[in-house]
Amino acid sequence: MKIINKFRLLIFIFIIPFVLWIWWVLTPSSMMNVFVMNKTFNSENSESAAFKWLLTHNKYKKSDRHFYSSRNDFYGIKKIDHTRHQMHDISAMSESQLDSLSDYYDIAYYMDTYGIIQEKKKAKELPKSFVLSKNGGFDLNDIAFLKKMKEKKKLIITEYNLLAPPTSKENRILIENLFGLKWTQWIGSYFSSLDTTNNKELPEWIVQLYKNQHNNQWPFRNAGIVFVHSNETVVVLENNIDLINESPVLTTFTGEQRRWNLPEKINYLQWFDIMETSDTNNHVISTFQIKTTIKGDSLLSIYRIPSNFPGVIETNNERFYYFCGNFADISEELYLSNLKFIPEIKKMIYPKNSFRSKQSFYWHYYYPIIKKILNNYYQKKP
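Rules and cut-offs
- Residue numbering note: each chain is counted from 1, following its sequence as written.
- Per-residue local features are limited, in this predicted model, to residues with pLDDT of at least 70; the limit for side-chain atom pairs, both in listing and counting, is 80 or more; totals at the level of whole chains, interfaces and linings are taken over all residues.
- Side-chain figures throughout are based on the complete set of non-hydrogen atoms in the structure, without hydrogens or water.
- Pairing of aromatic rings covers Phe, Tyr and the six-membered ring of Trp, with a centre-to-centre limit of 6.5 Å; geometry is then stacked below 30 degrees between planes, edge-to-face above 60, and tilted otherwise.
- For helices the rule is a DSSP run of H or I covering at least 4 residues; for strands it is a run of E covering at least 2, with both sets numbered from the N terminus onward.
- Here the term buried applies to any residue with accessible area under 20% of the maximum for its type, exposed to any over 50%, and partly exposed to those in between, with areas from a 1.4 Å probe on protein chains only.
- Criterion for a charge above a ring: Arg CZ or Lys NZ at most 6 Å from the ring centre, at most 35 degrees from the ring normal.
- Here, any two strands with at least 2 DSSP bridges between them count as paired.
- Simply put, an axis is a line fit to the C-alpha atoms, just over the touching stretch for a helix, and the angle between two N-to-C directions goes from 0 to 180 degrees.
- Any angle that falls under 35 degrees is termed roughly parallel, while one over 145 is termed roughly antiparallel, one within 65 to 115 roughly perpendicular, and all others oblique.
- For a crossing to be left-handed, the near helix must be turned anticlockwise from the far one by less than a right angle; the clockwise case is right-handed.
- Note on contacts: a residue pair qualifies if any of its non-hydrogen atoms lie within 4.5 Å across the two residues.
- The residue classification treats Ala, Val, Leu, Ile, Met, Phe, Trp, Tyr, Cys and Pro as nonpolar and Asp, Glu, Lys and Arg as charged. All others, Gly included, are polar.

Undergrad: Any chance you could explain the packing of aromatic side chains here in plain terms?
TA: The relative placement of two aromatic rings is captured by the distance of their centres and the angle of their planes. A complete count under the given rule lists 38 aromatic pairs for this structure. When the centroid spacing of 6.4 Å and the interplanar angle of 35° are considered together, the rings of Tyr 190 and Phe 355 count as tilted. With Tyr 190 in strand β10 (residues 182–191) and Phe 355 in the loop between α10 (342–349) and α11 (358–380), the pair connects residues that are 165 residues apart, well separated along the chain. What makes Phe 355 partly exposed here is its relative accessible area of 21%. Directly above the ring of Trp 24 sits Lys 59, whose terminal nitrogen or CZ lies 4.8 Å from the centroid.

What follows is the structure, encoded as structure tokens:
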């Protein structure tokens, strides 16, 4: 019996991964040139790495038939050493260079445009999205490039923080008009604990701004959702007092569930922005829902914060997508991109109703919708 058990263990450890690897190797690859811009740097580069993992796992290669490298092939912040960073962007390109760029690339994916914080002291006192930063923001060349991509019917994917500062108001309006979007100037985030003594991920600037507006009081201890307006107004909804569900719930309409292989509802644990779209060329795939008590609903009404707002916006021609949140941020390293069926295994490991792991959202929502977006475009690309 012991020999049989050891043999089974050997099969699990060595044979199955080998089979999954062979299966992945034999899967045909696809050539598609993908432009990725991430102007925000963090220690893990989790957003770029997570998208790169998806490209590799689904065997998308550059036109030179090599796999993508987030370090060498993506635009944005590059780390030189422990203290120095360098921005590799398109701000200095000429009109003809931008035109060539839009001819070469099939897809443009703007993940984050915040930049590098200049003063750490200010970063603790003010919202991340409103702190003065270096090299950040959506500039005129970014807008010109995406306009060319749109005119050439290329695929454009964008995420949270596209429209907030340090992008200027003038540039924000240009982007809103180009894609039929409207930022309400509210951003928000879920926090697993609002207790300042035991949650190191709770930013100091949130607490300080709230105290400045409420007689130096911060009475919160449970999980909750924090909203911040561009005028620095802070609104806090606390679980079991203001909230029925402690995080925003991303809800997908029935037809869209089947179309994208998405769950009806999933808890969302990241930053988001409250967007609007009145353009008839756009429609909403999923919506954020804030489930409140009577007290919480009253707070939202006072500050004119909607309890339901877009989560993913798509143009009717399937060429533009805006993710109204930090969807690609998984905050954990990903491995085994060259083994078949890893996403299916991960979905079994991480329940979609989790309040503790960002991996749950990545595998149940972000991965399937991005995979389908890329596949749909590849089948129909010009």
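Undergrad: Explain the sheet that holds strand β12 (residues 234–238) here, please?
TA: To summarise the sheet geometry, strands pair through backbone hydrogen bonds and adopt either a parallel or an antiparallel arrangement. Across the sheet, which stays open at both edges, the four strands sit in the order β12-β11-β10-β15 with antiparallel pairing between neighbours. Looking at strand neighbours, the two that pair on one side only are β12 and β15 (271–276), the edges of this open sheet. Pairs of neighbouring strands in the sheet enclose a mean axial angle of 25°, with direction left out of account. By the bridge criterion, six bridges tie β10 to strand β11 (residues 224–229) in an arrangement that is antiparallel. Looking across to β11, one finds that Trp 186 is bridged to His 229.

Undergrad: Where do I start with the packing of helix α3 (residues 95–104) against helix α5 (residues 140–151) in this structure?
TA: Packed helices, taken two at a time, are described by their axes: the angle between them and the distance between them. Packing of α3 against α5 leaves a shortest axis separation of 9 Å and a crossing angle of 45°. Judged by the inter-axis angle, α3 sits oblique to α5. Crossing angle aside, the handedness with which α3 passes α5 is right-handed. Contacts from Glu 95, Leu 98, Asp 99, Leu 101 and Ser 102 in α3 reach Asn 141, Ala 144, Phe 145, Lys 148 and Met 149 in α5. Its residues assigned to classes, the contact of α3 with α5 comprises five nonpolar, two polar and three charged.

By themselves, these are just geometric observations and shouldn't be taken as functional.
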